[in-house]
Amino acid sequence: MNTKRSPLWKTAYILGLILLPVIAMLICLCIGRYFVSVPQVLSSIAARANGGEGVERLAYITVWNVRLPRLLLAFIVGAALSCAGLLFQSLFQNPLATPDTLGVAGGASFGAVLSILLGFSMIIMQLVSFTFGCVAVLLTMLAAKGKTTSMNTIVLSGIMMGSLFSALVSLVKFCADQEQQLPSITYWLMGSLQSATYTSLLIGLIPIAVSVVILFLLRWRLNLLLLSEEEAVSSGSNIKALRLLAILCATAATASSISMCGQIGWVGLIVPHMCRMMLGNDHRYLIPASISLGGTFLILVDTLARSATAAEIPISILTAIIGAPFFLFLMRKKGGWSL
Amino acid sequence: MILKVEHASFEYKRGKPLFSDVSMEIQSGEIVSILGPNGAGKTTLLRAIMGILSWKEGKSTLDGENIRDITPGKLWSKISYVPQSHGLSGSYTVLDSVLFGMTTQIGVFSTPNQEQIKKAESILERLQLSHLRDRKCNELSGGELQMTLIARAMASDPGIIILDEPESNLDFKNQIIVLDTLSQLSAEGVGVLFNTHYPEHALRRAHKSLLLSHGSVIMGPTKEIITEKNIADAFGVKAIVGQFETESNQIENVIPLALLDKDAESVEVTNENGSENEDALASISIICREFEESGKINQILHEFPDILFGRMGMPHRKRNVYLITVNLDGPKSRIEELAHRLSLLKDVSIKVTYAKEEQR
C-alpha cells in the first residue's frame, strides 16, 4: 500500500468493518429452510424485551433460538480463527502458518473425542477440549525450549505435537463403540456449528473475547513481530514477552473455537491472507479486518452449509471449496504479497 | 553519555575466544570506527557491546551502569542500533519504520499519536526523506533504505548510535550522504560507533578507531591506529597511508597495493614517515567558515598544550571567516593527531607545514 490513508478512507474502513458482519448476519437470519423476512427479523429482535409478543411465534423462535446463536457462534469462531492465523503467520514469519501450527487443534480434538468416549456432557466436553488444546501448546513450548529456541524449532515441535495428538485421536476412535460413539466422533471432527447454544457460546466467548481484545489493543506493537530479531530487540520492547502473549492469546482463541464446534479449516489461513493482500502488513488494520472479515466469512459459509442442500454439509468442506478459489482469484489479481 | 567496555572477551565455542581483553569507550559527540578483516567479528563485537550477545568475561557499561542491569526500555532509549540493511523485512512504509524507533515512547497498548507522527515526519524532513514517507521499504534503493534506518535510529533521540557497516554496498554519493549524516550527528553531540570496511572513511571521519586483528584489539586516536604497519598486520595487505592535497584541505587516504607474503615471519613495512616520534617544528593554518566552529577549535587546541607554543587568530568579518595559525613543536605523531582532529571539523580547512630538518 503506497497510498497515504486519508481520514475519509479511515472512516469508510471502520464503518465498513462494523457494518459488514451486521448486514451479513441480518441477511443470514432470514435464510434457511423456513424463510423469515427482514421486517420479521427486525421485529423479532425488537420484541425481545417483552418476550416476543406481537410477533409470529415461529419466526421469533427461529430467529432467537435457532439462527441467532448459530450465527453468533459463526462470527465469534470466524473472528477468533482469523486472528489466530494472522498472528501465527506474523509470529513465525511464515505464510503457511495456521491457527493449528502449534498443535492446538490436535490437542483440543483429542480432548473432545475423549469426552465423547467417556460420555461427558456437552459443557464438560467443551471445557476438556479447551484444556487439552492449551496443554498441547504448552507441551510444544516445553519441547521447543532448549539452549537456542528459534521460531523454527517451535514450529517443528508444534507439528510433532500435532501428529502425536492426532495419533491419540485415532486411538480413541479405535477404542470407540462403532454404533454410536464412532459416528458422533467422526461427525464432530468434521466440524459443525449445529450445537450452538447460548450457554456454550457464553463459556466459549470468554477466552476468545479476552484474547481478541488484548490483540486489538496490541495491534501496533504486533508489527514488531515481523522485524528481524536484532531490530526487534533493539526497539527496546520486551519482544519475548510480546511473542509469548501473542502465542497465549492465539492459543486460547483457537482452543476455545475448536472446543465449541470442532475443526474448521481454512478460515485461519485464507482470511488473514486476503486481509494482507488488501491492506498490507500493518496489524493496526489487519487485526480489525481479520475480526470483521473472518466473522463474516464464516457467517456466510455456515448459512450456505445449512441451507444449500436438504442435509447439512460439513462446514470444513465448504470453507475450502469457497475459500480456495476466491483466494487464488485474489492472489492472481493482486500479485500476491510479501510477509 | 559514555559507553564503555572493560576487559571483555567473547567466544562462540568454549575455549576458542573470538577476541579477548577488549576495552574501549565512546562518549557523546565522538565518532569511533571499528575496522577489521572479514570474519574478524566486527558485527559480533557490536552486538556484544550493546548486550545483544553476552560477554564471556568483562562487561559493557553505560554511564557506569552495567548494560545487563539496565531495563531494555531504558537502554534502547539511550542507544540506537542500525543493523546491516540487507535481509531486513521491508513490508512497512518509511514513516512506519521511523515510528518503530519510538517504540520505547509508545505505550504497549497504544498506537503512535499525532505528536509522534509529527516528530517522525520532521526527522524525515531533516534527512531529506520526506518524499519517501509512504513508500514501502522494499521499494527503496540501498542508499534510501540506509538513510531510513538511520532516521529510525534517530527517532528515540539516543545519546549513542551504533551502526553496522552503514556505508557498505552504497555508491560514492550515498556513502558521502551517510557519512555526512554521521558527522552531523556527532557535531550535535551524539556518539557514533560504526563498523566499516573502509580505512579511509575511518581516517576522514572517526576521532578514534578500533582495529580487530587476530583476536586482539587495539584502540586509539584514528591516526595512530590506521598505519601501514597495523593494516599489514590486520589485513595482510601492503597499503600506503597518505594524504591528498586539495586547494582547501589535506585529505587522508589509504590505498591497498598488494597481498603480503603469508609465510613471512614478521611484516616489514617501509614507513616513509619513519620519524614519527622525532620532534618536529610545524605550523598549522586553519580557515574556519563558521564562527561557531572556532570554539570547537579552541577546545581541541587545549588538549595539546605540550606541543603548542604560539597561536594567532584573526576574524575576517567581511566574509564571516576566521583565520588561525598555530605553531607547534613536539613529536611528529602528536602534531599529526592534532591536524587530524582539526580536519574532522565541518567547514574547516587546514594545512600543515613542517620546518625543513636541521642540517647536521
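Draft legend 1. Seen up close, the overall build of chain B. Counting its regular elements, chain B contains eleven helices and 16 strands. Scaling as 2.2 N^0.38, a compact globule of 360 residues should have a C-alpha radius of gyration of about 21 Å, and chain B matches this with 22 Å. Overall, chain B is about 80 × 60 × 40 Å in size when its C-alpha atoms are taken along their principal axes. Sorting the 360 residues of chain B into buried and exposed places 49% on the buried side. When contacts within chain B are restricted to residue pairs at least 6 apart in sequence, those whose partners lie at least 24 apart make up 65%. Counting every atom, chain B has about 17,700 Å² of accessible surface; 48% of that belongs to carbon and sulfur.

Draft legend 2. Summary view of the pairing of strand β9 (residues 208-213) of chain B. All names here are of chain B. Most of β9 is tucked away, with six of its six residues classed as buried. Going residue by residue along β9, you find Lys-208, Leu-210 and Leu-212 tucked away on one face and Ser-209, Leu-211 and Ser-213 tucked away on the opposite face as well. Summarising the sheet, strand β3 (residues 31-35) and β9 pair through four bridges and their orientation is parallel. Residue Ser-33 lies in a different strand from β9, and its bridge partner there is Ser-209. Here six bridges tie β9 to strand β10 (residues 216-221), and the two strands are oriented antiparallel to one another. Opposite Ser-213, over in β10, you have Ser-216 as the bridge partner. Turn length for the β9-β10 hairpin, with the two strands adjacent in sequence and antiparallel, is two residues, and the turn residue His-214 shows positive phi of about 50°.

Draft legend 3. Expanded view of the pattern of salt bridges. Throughout the structure, instances matching the rule amount to 22 salt bridges over all chains. Two residues, B:Arg341 and B:Glu303, come together in a salt bridge whose shortest N-O distance is 3.1 Å. You can see B:Arg341 sitting in helix α11 (residues 332-343) and its partner B:Glu303 sitting in the loop between α10 (291-302) and β14 (308-316), a full 38 residues away along the chain. In this structure, B:Asp306 engages B:Arg334 in a salt bridge whose closest nitrogen and oxygen atoms are separated by 2.9 Å. One end of the pair, B:Asp306, is in the loop between α10 and β14; the other, B:Arg334, is in helix α11, with 28 residues separating them in the sequence. In this structure B:Arg334 comes out as partly exposed when scored by relative accessible area, which is 22%. When salt bridges that share partners are traced, they join A:Arg70, A:Asp302 and A:Glu312 into one network.

Draft legend 4. Highlighting the interface of chain A and chain B. Residue-level contacts link 27 residues of chain A with 31 residues of chain B. Among the residues of chain A in contact with chain B, A:Trp220, A:Glu230 and A:Glu231 are the three that bury the most area, contributing 26% of the side total. Counting the contacts that link chain A with chain B gives three salt bridges. Of all the secondary-structure elements, those providing two or more residues to the side of chain A that touches chain B are α8 (198-217), α9 (229-234) and α12 (283-307) of chain A. For the side of chain A that touches chain B, the element with the most residues is α9(A), which contributes four residues. A per-class count over the side of chain A that touches chain B returns ten nonpolar, ten polar and seven charged.

Draft legend 5. Representation of a negative patch on the surface in the model. The grouping of B:Glu278, B:Asp279, B:Asp329 and B:Glu357 at the surface amounts to a negative patch. In this fold, B:Glu278 is placed in the loop between β12 (250-259) and β13 (279-288).

Draft legend 6. Quick look at the confidence of the model for chain B. Per-residue pLDDT for chain B has a mean of 88; in total, 94% of the residues score no lower than 70. Across the interfaces of the predicted complex, the ipTM metric reaches 0.84, alongside a pTM of 0.85.

Draft legend 7. Highlighting unusual backbone geometry. Residue and element names in this part refer to chain B. Notably, Gln-128 is not glycine yet its phi reads approximately 55°, a positive angle. Mapped onto the elements of the fold, Gln-128 is located in the loop between α4 (114-126) and α5 (142-154). Assessed through its relative accessible area of 64%, Gln-128 is described here as exposed. Non-glycine residue Asn-320 carries a positive phi angle of around 55°. Turning to its location among the elements, Asn-320 is positioned in the loop between β14 and β15 (321-331). In this structure Asn-320 comes out as partly exposed when scored by relative accessible area, which is 33%.

Draft legend 8. Spatial organisation of the packing of α8(A) against helix α10 (residues 239-261) of chain A. All names here are of chain A. The N-to-C vectors of α8 and α10 enclose an angle of 155°; their axes lie 9 Å apart at closest approach. By the angle class used here, α8 and α10 are roughly antiparallel. The crossing of α8 and α10 is left-handed. Facing α8, whose interface residues are Ser-200, Leu-201, Gly-204, Pro-207, Ile-208, Ser-211, Ile-214 and Leu-215, α10 presents Leu-245, Cys-249, Ala-252, Ala-253, Ser-256, Ser-257 and Met-260.

Draft legend 9. The arrangement of the packing of helix α1 (residues 7-30) of chain A against helix α3 (residues 57-91) of chain A in detail. Residue and element names in this part refer to chain A. At a minimum axis separation of 10 Å, α1 and α3 run at an interaxial angle of 145°. As α1 runs across α3, the sense of the crossing is right-handed. Mapping the contact onto sequence places Pro-21, Met-25, Cys-28, Leu-29 and Cys-30 in α1 and Val-63, Arg-67, Leu-68, Leu-71, Leu-72 and Phe-75 in α3. Here the residues of the contact of α1 with α3 sort into ten nonpolar, no polar and one charged.

Draft legend 10. Quick look at α12(A). Residue and element names in this part refer to chain A. Compared with the 36 Å implied by 1.5 Å per residue over 25 residues, the 35 Å span of α12 between its first and last C-alpha is a close match. A bend of about 25° at Ala-289 is the largest found in α12. Taken across its 25 residues, α12 has 22 buried, putting it largely inside the fold.

Draft legend 11. Region of interest: the sheet that holds strand β5 (residues 65-66) of chain B. Residues and elements named next belong to chain B. On the basis of which strands lie adjacent, the open sheet formed by four strands has the order β2-β1-β4-β5 and antiparallel pairing. On the outer flanks of this sheet lie β2 (16-27) and β5, each paired with one strand and no other. With two bridges connecting them, strand β4 (residues 57-62) and β5 associate as antiparallel partners. Paired with Thr-61 across the bridge in β5 is Asn-66.

The rules behind the values
- Residues numbered from 1 in each chain as written.
- Chains lettered and ligands numbered in written order.
- Predicted model: local features only at pLDDT ≥ 70, side-chain atom pairs only at ≥ 80, totals over all residues.
- Heavy atoms only, no water.
- Helix = DSSP H or I, 4+ residues; strand = E, 2+ residues; numbered from the N terminus.
- Rg over C-alpha atoms; globule rule 2.2 N^0.38 Å.
- Buried < 20%, exposed > 50% of the residue type's maximum accessible area, 1.4 Å probe, protein only.
- Contact = heavy atoms within 4.5 Å.
- Areas by Shrake-Rupley, 256 points an atom, 1.4 Å probe, with all protein chains shown as cover.
- Pairing = 2+ DSSP bridges.
- Salt bridge = Lys/Arg side-chain N within 4 Å of Asp/Glu carboxyl O.
- Buried area = accessible area lost by both parts, 1.4 Å probe.
- Nonpolar A, V, L, I, M, F, W, Y, C, P; charged D, E, K, R; others polar.
- Patch = residues over 30% accessible without salt bridge, like charges linked within 9 Å, V, L, I, M, F, W, Y side chains within 5 Å.
- Lys, Arg positive; Asp, Glu negative; His and termini not counted.
- Charge placed at Lys NZ, Arg CZ, Asp CG, Glu CD.
- pLDDT = per-residue confidence, 0-100.
- Axes fitted to C-alpha atoms, helices over the stretch in contact; angles between N-to-C directions.
- Parallel < 35°, antiparallel > 145°, perpendicular 65-115°, else oblique.
- Left-handed = near helix turned anticlockwise from the far one by under 90°.
- Expected span 1.5 Å × (residues − 1).
- Bend = angle between axes of the 7 residues up to and from the residue.

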